[in-house]
Amino acid sequence: MNQHDDVQYGRYFIRVSSISDLVRATAFIDGDDAPVAQAEDDTADAAVDTLCEMLDRRDGDREAARRRIGKFAVPTSKEYGEAWATLDLAPKLHAMALAHAAAGDAGLTVAELAAAAGYPTPAGVNLQYGMMAREIADALDMDLPKKPAYKGADAALGLIGWPGEPRDDALVWVMHPELRKVVS
């Protein structure tokens, strides 16, 4: 490796640099300037190997800390926060997410979510939330649920929330509390 090589490792970006007689490998999450972890060693390969082992342990610890809903593991608030910081949401989608978070455990119907975003109909809500969920999943290097939360939904929506108790025969969507802490 050269003096300042960059390496991609999953969702991490690793910068390698020489400092005196040592080589330092520093990991960042894509889109964030704050370092996640660092390792130093005599060679670039050894520093990167050590850092990759540290990152694997970090990811394993995070996976173990997630709340489980069946086979799905809900990210922690810290993970959602890291992912949220990388998103570039359109103002309407951001408004929808803010309203959804503010609704708490009561949740919102798809029509209420659409109204919060200023959409004339609820048709685009699943699409918009599905795109947002995919961006979060990409930022976390996380697999999405295989099955949709409800008929006709995008399976990615499970990363945003779950179906609550219907209200006036309309499906209510409740945002995960771990995500609510980040959005509100």
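Quick caveat, the model's predicted, so the values are computed rather than measured.

Digging into the nonpolar core
Now for step 1: With 34 residues, the main nonpolar core has Trp84, Tyr129, Met132, Ile136, Leu159 and Ile160 as its most contacted residues.
Now for step 2: Of all elements in the fold, only β6 (72-74), α2 (77-86), α3 (91-102), α4 (110-117), α5 (125-140), β9 (172-175) and α6 (177-183) reach the threshold of two or more residues within this core.
Now for step 3: Trp84 has contacts with Leu89, His94, Ala97, Met132, Leu179, Val182 and Val183, leaving out every residue within four places of it along the chain.
Now for step 4: Counting 15 residues, the second-largest nonpolar core is a separate cluster that includes Tyr12, Ile14, Ala25 and Leu55.

Thoughts on the packing of aromatic side chains
Now for step 1: All told, the structure shown has 1 aromatic pair when counted by the stated rule.
Now for step 2: Residues Phe13 and Phe28 carry aromatic rings whose centres are separated by 6.3 Å and whose planes lie at 45 degrees to one another, so their mutual orientation is tilted. Taken together, the positions of Phe13 in strand β2 (residues 12-19) and Phe28 in strand β3 (residues 22-29) put the pair 15 residues apart, joining distant regions of the chain.

A word on a negative patch on the surface
Now for step 1: Together, Asp88, Glu135, Asp138, Asp141 and Asp143 make up a negatively charged patch on the protein surface.
Now for step 2: Here Asp88 is to be found in the loop between α2 and α3.
Now for step 3: Given the relative accessible area of 72%, Asp88 is considered exposed.

Observations concerning the sheet that holds strand β7 (residues 108-109)
Pairing between sheet strands relies on hydrogen bonds along the backbone, with the strands arranged either parallel or antiparallel.
Now for step 1: The strand order β7-β9-β8 describes an open sheet built from 3 strands, whose pairing is antiparallel. Of all the strands in the sheet, the pair left with one neighbour each is β7 and β8 (161-163).
Now for step 2: Pairing between β8 and β9: 3 bridges, direction antiparallel. Across the sheet, residue Pro163 finds its bridge partner in β9, namely Trp173.
Now for step 3: Contacts from α3 reach β7 and β9 within the one sheet, and its direction differs from that of β9 by about 90 degrees.

Looking at the pairing of β3
Now for step 1: The buried fraction of β3 amounts to 6 of the 8 residues, a majority that puts the element mostly inside the structure.
Now for step 2: Where β2 meets β3, 8 bridges bridge the pair, whose relative direction is antiparallel. Bridged to Phe13 within β3 is Phe28.
Now for step 3: By the bridge criterion, 6 bridges tie β3 to strand β4 (residues 35-41) in an arrangement that is antiparallel. When the bridges of β4 are listed, Arg24 appears paired with Glu40.

Conventions and cut-offs
Residues numbered from 1 in each chain as written. Predicted model: local features only at pLDDT ≥ 70, side-chain atom pairs only at ≥ 80, totals over all residues. Heavy atoms only, no water. Core = buried A, V, L, I, M, F, W, Y, C linked by side-chain atoms within 4.5 Å. Buried < 20%, exposed > 50% of the residue type's maximum accessible area, 1.4 Å probe, protein only. Helix = DSSP H or I, 4+ residues; strand = E, 2+ residues; numbered from the N terminus. Contact = heavy atoms within 4.5 Å. Phe/Tyr/Trp six-rings, centres within 6.5 Å; stacked < 30°, edge-to-face > 60°. Patch = residues over 30% accessible without salt bridge, like charges linked within 9 Å, V, L, I, M, F, W, Y side chains within 5 Å. Areas by Shrake-Rupley, 256 points an atom, 1.4 Å probe, with all protein chains shown as cover. Salt bridge = Lys/Arg side-chain N within 4 Å of Asp/Glu carboxyl O. Lys, Arg positive; Asp, Glu negative; His and termini not counted. Charge placed at Lys NZ, Arg CZ, Asp CG, Glu CD. Pairing = 2+ DSSP bridges. Axes fitted to C-alpha atoms, helices over the stretch in contact; angles between N-to-C directions.

Remember, this is a structural readout, not a statement about activity or role.
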